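This is what each chain is made of:
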2 protein chains.
Amino acid sequence: MEKVRILEIKQSVFANNDRQAELLRRELKERGLFLLNLMSSPGSGKTTTLTRLIEALAGELAIGVMEADIDSDVDARTIAKTGVKTIQLHTGGMCHLDAAMTRQGLEGLDPGALDLVVLENVGNLVCPAEFDTGAVKSMAILSVPEGHDKPLKYPLMFQVVDAVVINKVDVMPYFDFDLEKCTEYIRLRNPKAEIFPISAKTGQGVEALAQWLKNQVKTWKET
Amino acid sequence: MEKVRILEIKQSVFANNDRQAELLRRELKERGLFLLNLMSSPGSGKTTTLTRLIEALAGELAIGVMEADIDSDVDARTIAKTGVKTIQLHTGGMCHLDAAMTRQGLEGLDPGALDLVVLENVGNLVCPAEFDTGAVKSMAILSVPEGHDKPLKYPLMFQVVDAVVINKVDVMPYFDFDLEKCTEYIRLRNPKAEIFPISAKTGQGVEALAQWLKNQVKTWKET
């Protein structure tokens, strides 16, 4: 069984989260470190998608992962097997991370010369969307079994992200999921979001997603 | 297109939610009305399960439904098609309902001589578990595509409910879902929870669930 570090995150005392987030982002810029905030419902495939991305970007980017969960370390153990630097963050029951909590996580991870750190946020389509973590970009995963109407019911999540991954397209034949409608509903909330249909299980579509992420990291470091 | 009433719920001002919940439960007891709090992740099949239960209990119980969502009225329109009394509650971005908000919903629904009202809570495995809504019983749905490890990662939800529905068992062959492990993880959190594996899509297992619910309502009204 993989051993992973577990960090108990303290609740943030900063009233002005937006300011804390901007501060963190500025520091990340100075260090040339890209932070991605990855959000979704429980069970949409955040960890599996991340595992695929780590494989696809191996040798190209030095990656670290912060796994935020209320309890357990199952995800951090899965990620640790890929060989990347990993830390498990326990939120003590809290449904999201804010910028000050993300900063605690980064200090615990100690990113050193990493290019990219992914924060796997608590599985929740509501609360994490309300808090700027200080990440450079945010991404939401919506999986086919959840249904194509989710952007209508959880508008803020789809509004605040830069990219939406539609995962588990391999099981599309077994669900009433309309990709065209889903795209239309996402566009209603967020005309500029990049949309990536993938199957983290089979690997379908992962290359395009990895390419997008690589470009984002490159742009952040170079401009 | 079905027309449904939409009620904008106001944030609760009561500090002591547990007391409000007890008060509401006592009033429900006096009226002989059973309130079920139905919770799950987004897309686990709350609305489809509810539609099946309404079919199964037709002619036996007079049912009403309160659909809580951050936005949209897609679920309330689906439920309205079954012919039962329905209201859509909008939470104004909030991730859960508490007892005072549930009371507002009940007043809006106006249950009259109903036997059973189901509150379909906001799709979220974290926050709704923290607030007693005043319901007589609570039920969580976990769907097969979400994975069997969810009771480890969202412990409180599985701890506070009286029953867990494992939905979408019809797609079990396409996912790495271990029903035995899932049952074991639920039992770790909650040795007394009733567990119902069902497919709301095919109807498999719905009869046993409907029977359990009917017995709960009967006991509440008679004792």
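Above this text sits the structure in question.
The structure presented is a predicted model; accordingly, all values stated were derived computationally and were not measured. (Residues numbered from 1 in each chain as written. Chains lettered and ligands numbered in written order. Predicted model: local features only at pLDDT ≥ 70, side-chain atom pairs only at ≥ 80, totals over all residues. Heavy atoms only, no water.)

Undergrad: With reference to specific residues and values, describe the packing of helix α1 (residues 17-31) of chain B against helix α4 (residues 99-109) of chain B.
TA: Residue and element names in this part refer to chain B. Between α1 and α4, the shortest axis-to-axis distance is 8 Å and the interhelical angle comes to 35 degrees. Note on element contacts: α4 touches α1 through A99, A100, T102, R103 and L106, opposite N17, Q20, A21, L23, L24, E27 and L28. Across the contact of α1 with α4, the residue classes tally to 7 nonpolar, 3 polar and 2 charged. (Axes fitted to C-alpha atoms, helices over the stretch in contact; angles between N-to-C directions. Helix = DSSP H or I, 4+ residues; strand = E, 2+ residues; numbered from the N terminus. Contact = heavy atoms within 4.5 Å. Nonpolar A, V, L, I, M, F, W, Y, C, P; charged D, E, K, R; others polar.)

Undergrad: Go over the sheet that holds strand β3 (residues 63-69) of chain B, please, and point to the residues and values.
TA: Residue and element names in this part refer to chain B. Taking strand neighbours across the sheet as the criterion, the 8 strands line up as β1-β4-β3-β5-β2-β6-β7-β8 in an open arrangement whose pairing is parallel. At either margin of the open sheet sits one strand with a lone partner, and together these are β1 (5-8) and β8 (194-197). The average angle at which neighbouring strand axes cross in this sheet is 20 degrees, direction not considered. Examined bridge by bridge, β3 and strand β5 (residues 116-120) share 5 bridges and lie parallel to one another. The residue bridging E67 from the neighbouring strand is E120, located in β5. Where helix α2 (residues 46-56) meets the sheet, its contacts fall on β2 (34-40), β3, β5, β6 (137-143) and β7 (163-167), and the angle it forms with β3 comes to roughly 175 degrees. Helix α8 (residues 206-222) rests against β2, β5, β6, β7 and β8 of the sheet, and its axis sits at about 140 degrees to β2. (Pairing = 2+ DSSP bridges.)

Undergrad: Explain the sheet that holds strand β7 (residues 163-167) of chain A to me, using residue names and the numbers behind them.
TA: Residue and element names in this part refer to chain A. The strand order across the open sheet built from 8 strands is β1-β4-β3-β5-β2-β6-β7-β8, with neighbouring strands paired in parallel fashion. Two strands close off the open sheet at either side, each with one partner strand: β1 (5-8) and β8 (194-197). Adjacent strand axes in the sheet meet at a mean angle of 20 degrees when their direction is disregarded. Sheet topology places β7 next to β8; 4 bridges connect them, and they run parallel. The residue of β8 that forms the bridge with V164 is I195.

Undergrad: I'd like a rundown of the side chain of S41(B), residues and numbers included.
TA: Among the secondary structure elements, S41(B) is positioned in the loop between β2 and α2. Residues contacting S41(B), with those up to four places away along its chain left out, are P42(A), K46(B), G123(B), N124(B), L125(B), I141(B) and E146(B).

Undergrad: I'd like a rundown of the relation of the copies chain B and chain A, residues and numbers included.
TA: When chain B is fitted to chain A, the residual RMSD is 0.0 Å, and the transformation amounts to a turn of 180 degrees plus an axial shift of 0.0 Å. The superposition operator between the copies reduces to a two-fold rotation axis. With an isologous cut-off of 70% or more, the 100% of interface residues of chain B that recur at the interface of chain A puts this contact in the isologous class. (Least-squares fit on C-alpha atoms with pLDDT ≥ 70 in both.)

Undergrad: Provide a residue-level description of helix α8 (residues 206-222) of chain A, including the pertinent values.
TA: Residues and elements named next belong to chain A. The end-to-end C-alpha distance of α8, which contains 17 residues, comes to 24 Å, matching closely the 24 Å that a straight helix rising 1.5 Å per residue would cover. Listed as buried for α8 are V206, L209, A210, W212, L213, Q216, V217 and W220. Taken down its axis, α8 places every buried residue within 160 degrees of arc, on the same side. Facing away from the buried side of α8 by more than 90 degrees, the exposed set consists of E207 and E222. (Expected span 1.5 Å × (residues − 1). Buried < 20%, exposed > 50% of the residue type's maximum accessible area, 1.4 Å probe, protein only. Arc of directions from axis to C-beta.)

Undergrad: I'd like a rundown of the nonpolar core, residues and numbers included.
TA: By size, the foremost hydrophobic cluster in this structure holds 146 residues, and its most contacted members are L116(A) and L116(B). Sequence-distant contacts of L116(A), that is, excluding residues within four places in its chain, are made with L33(A), F34(A), L36(A), L57(A), L61(A), A62(A), I63(A), G64(A), L213(A) and V217(A). (Core = buried A, V, L, I, M, F, W, Y, C linked by side-chain atoms within 4.5 Å.)

Undergrad: Provide a residue-level description of the side chain of N167(B), including the pertinent values.
TA: Residue and element names in this part refer to chain B. Summarising the element assignment, N167 is placed in strand β7. Given the relative accessible area of 3%, N167 is considered buried. Here N167 is in contact with S44, G45, T49, I141, L142, S143, V144, I198, S199 and A200, once residues within four sequence places are set aside.

Undergrad: Mind laying out the environment of L152(A), listing which residues take part and the relevant values?
TA: Residues and elements named next belong to chain A. Relative to the helices and strands, L152 resides in helix α5 (residues 150-153). On the basis of relative accessible area, L152 is assigned to the buried category, the value being 14%. A C-alpha to C-alpha distance of 8.1 Å links L152 and I186, two positions 34 residues apart in sequence.

The analysis is restricted to geometry; functional conclusions fall outside its scope.
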